[in-house]
Amino acid sequence: MSERLDEAAALLGGRARRDVSLAPLTTYKVGGTAALLVEARHADDLALVGAAVTATGIDVLVVGKGSNLLVADAGFRGIAVVLGEAFADVDVDGGAASVRAGAAAFLPRVARATVTAGLTGFEWAVGVPGSVGGAVRMNAGGHGSDMAASLTTITLVDLADGGAGERAVAAADLALGYRTSNVAPAHVVTSAALALAPGDPAAGKATLAEIVAWRRTHQPGGHNAGSVFTNPAGDSAGRLIDVAGAKGLRVGTAEVSPKHANFIQADDDGSADDVVALMAEVRRRVAAEAGVELHAETRLVGFAPEAVAAAGADPSTPTAAPGKAR
Ligand SMILES: Cc1cc2nc3c(=O)[nH]c(=O)nc-3n(C[C@H](O)[C@H](O)[C@H](O)COP(=O)(O)OP(=O)(O)OC[C@H]3O[C@@H](n4cnc5c(N)ncnc54)[C@H](O)[C@@H]3O)c2cc1C
């Protein structure tokens, strides 16, 4: 593995930094380092990463705002990629009721820009502290809507296919479902186009304020990644966790929020391994109490496959398994 890392580092030259802590790049503020980290300033940097990934078969992790990511304390033995400011432009066309947003754009900023331009349909995103790219991959949503409701097309770069050239993909071809899509770990979403509707800016501003106030009342602050588990059909993960008596449950430096049972809070200087152990324990209790298998919404990175499975997380994210390319 270290030979492949050295080879990738050599191919990336000065564009990659070694052993960079990912904790500050996530909202949990826990976890270890990325063996290599590249901040992509423009498309050429993505092509360079694509060349390194294709040549070495090394794992790659795209980091957005890190608001749905939990990186293991052992870190991530691959190349982490963060999109720079050049990918954060937001262009709202009030007349055409459309938006083109770079993948690094902050969702609340996009939501506010659409309301200011007299559009409606994207207000829900004001409370989701992610990037446009992360929201596409997750099909993020809330308050009765989601990305799928307005997304028309995206552009993406496939790092496992050389990383050269963006291609457009229609939203209909992304298999967008409840917090899922077919965007793969080596796919970098670079922009998204949205189709919205004309709206009243005053009504839109009132909706934004209501959503922000609702979030402040119902969700905890501190270090977390929002809802840990998806809601089972017809039920709420938070209710099930509460009924299983797990609200306030603690494993080391991680605690099930006493305010919202589907949030896990990490202490300052906490441990990602404690968070994942708590996820597994919560799932175990809910399965025992209600017979329901919870599925994690949070994406786990760098953990052993058994830990990912015990936490009910998506196995398609990079794991610690040596030699696994994607
Ligand atoms: C307080 C709080 C409240 C939240 N509320 C909600 C909510 O109401 N609804 C909701 O859906 N989510 C919610 N979330 C979770 C999170 O904000 C969303 O999932 C968000 O879309 C993640 O975006 P991100 O940029 O932070 O992605 P990250 O956490 O950085 O990454 C998430 C996944 O997307 C991938 N990814 C990131 N950027 C890209 C890109 N450019 N191209 C390809 N893949 C990419 C990552 O590799 C990873 O697999 C909340 C989180 C917090 C902390």
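Throughout what follows, the structure given in this document is the object of discussion. (Residues numbered from 1 in each chain as written. Predicted model: local features only at pLDDT ≥ 70, side-chain atom pairs only at ≥ 80, totals over all residues. Heavy atoms only, no water.)

Helix and strand counts for the protein come out as eight helices and 18 strands. Seen through its C-alpha atoms, the protein measures out along the principal axes to roughly 55 × 50 × 35 Å. A buried classification covers 52% of the 326 residues belonging to the protein. At a minimum sequence separation of 6, the contacts of the protein that also span at least 24 residues come to 65%. (Helix = DSSP H or I, 4+ residues; strand = E, 2+ residues; numbered from the N terminus. Buried < 20%, exposed > 50% of the residue type's maximum accessible area, 1.4 Å probe, protein only. Contact = heavy atoms within 4.5 Å.)

It is worth spelling out the site of the ligand at this point. In the region of the ligand, 34 residues are neighbours, and V62, S67, S131, G141 and R215 sit closest. Contact between the ligand and G64: an oxygen atom at 2.7 Å from a main-chain N or O atom of the residue. When the ligand sits alone it has 960 Å² of accessible area, and the protein chains cover 94% of it. Of all the elements in the fold, those that place two or more residues in the shell around the ligand are β3 (60-63), α4 (132-138) and β13 (187-195). Counting residues per element, the shell around the ligand draws most heavily on α4, which supplies five residues. (Near = heavy atom within 4 Å. Polar contact = N/O pair within 3.5 Å; in protein donor to acceptor, adjacent residues only side chain to side chain. Areas by Shrake-Rupley, 256 points an atom, 1.4 Å probe, with all protein chains shown as cover.)

As a general point, the strands of a sheet are linked pairwise by backbone hydrogen bonds and lie either parallel or antiparallel. Pairing in this open sheet of five strands is antiparallel, and the strands run β6-β7-β13-β11-β12 from one edge to the other. Two strands close off the open sheet at either side, each with one partner strand: β6 (90-93) and β12 (167-170). Averaged over all pairs of adjacent strands, the angle between their axes in this sheet comes to 20 degrees, without regard to strand direction. Two elements, β6 and strand β7 (residues 98-102), share four bridges in a ladder whose sense is antiparallel. The residue of β7 that forms the bridge with V90 is A101. Along the sheet, helix α3 (residues 107-116) contacts β6 and β7; its crossing angle with β6, the most-contacted strand, is approximately 25 degrees. (Pairing = 2+ DSSP bridges. Axes fitted to C-alpha atoms, helices over the stretch in contact; angles between N-to-C directions.)

Here the focus is the pairing of β13. Burial of β13 is extensive: eight of the nine residues sit out of reach of the surface. Across five bridges, the pairing between β7 and β13 is antiparallel. Following the sheet pairing, A101 is matched in β13 by A192. For strand β11 (residues 151-158) and β13, the ladder comprises seven bridges, and the chain directions are antiparallel. Counterpart to L151 in the pairing with β13 is L194.

Once that is clear, we can look at the sheet that holds strand β5 (residues 76-83). Spatially, the four strands line up as an open sheet ordered β1-β2-β5-β3, and their pairing is mixed. Lying at the two open borders of the sheet, with one neighbouring strand each, are β1 (16-21) and β3. Taken pair by pair, the neighbouring strands of this sheet meet at an average axis angle of 35 degrees, ignoring direction. Its contacts with the sheet put helix α1 (residues 2-12) on β1, β2 (33-40) and β5, and the angle it makes with β2 is roughly 20 degrees. Where helix α2 (residues 43-56) meets the sheet, it contacts β2, β3 and β5, and its direction lies at approximately 160 degrees from that of β5.

Below, the discussion takes up the pattern of salt bridges. Tallied over the full model, the rule gives twelve salt bridges. Among the ionic pairs, D6 bridges to R18, the shortest N-O distance being 2.8 Å. Note that D6 is positioned in helix α1 and R18 in strand β1, a separation of twelve residues in sequence. Given a relative accessible area of 41%, D6 falls into the partly exposed group. For R18, a relative accessible area of 44% puts it in the partly exposed group. (Salt bridge = Lys/Arg side-chain N within 4 Å of Asp/Glu carboxyl O.)

With that settled, the discussion passes to the side chain of Q265. Mapped onto the elements, Q265 comes out in strand β17 (residues 264-266). A polar contact is formed between the side chain of Q265 and the backbone oxygen of G221, at a distance of 2.8 Å. At a separation of 3.1 Å, a polar atom in the side chain of Q265 contacts the side chain of N224. Once you skip the residues sitting within four places of it in the chain, Q265 turns out to touch P220, G221, G222, H223, N224, T253, A254, E255 and S257.

On to helix α7 (residues 272-290), then. Taking 1.5 Å per residue, 19 residues should reach 27 Å; α7 reaches 27 Å between its end C-alpha atoms and fits that length. Among the residues of α7, those classed as buried are A272, D274, V275, V276, L278, M279, V282, R283 and V286. At the C-terminal side of α7, G291 shows a positive phi close to 70 degrees. (Expected span 1.5 Å × (residues − 1).)

Once that is clear, we can look at unusual backbone geometry. Positive phi values are uncommon outside glycine, yet H143 reaches one of about 50 degrees. With respect to the secondary-structure elements, H143 resides in the loop between β9 (141-142) and β10 (145-146). Positive phi outside glycine occurs at A175, with the angle close to 50 degrees. By the secondary structure assignment, A175 is in the loop between β12 and β13. Given a relative accessible area of 47%, A175 falls into the partly exposed group.

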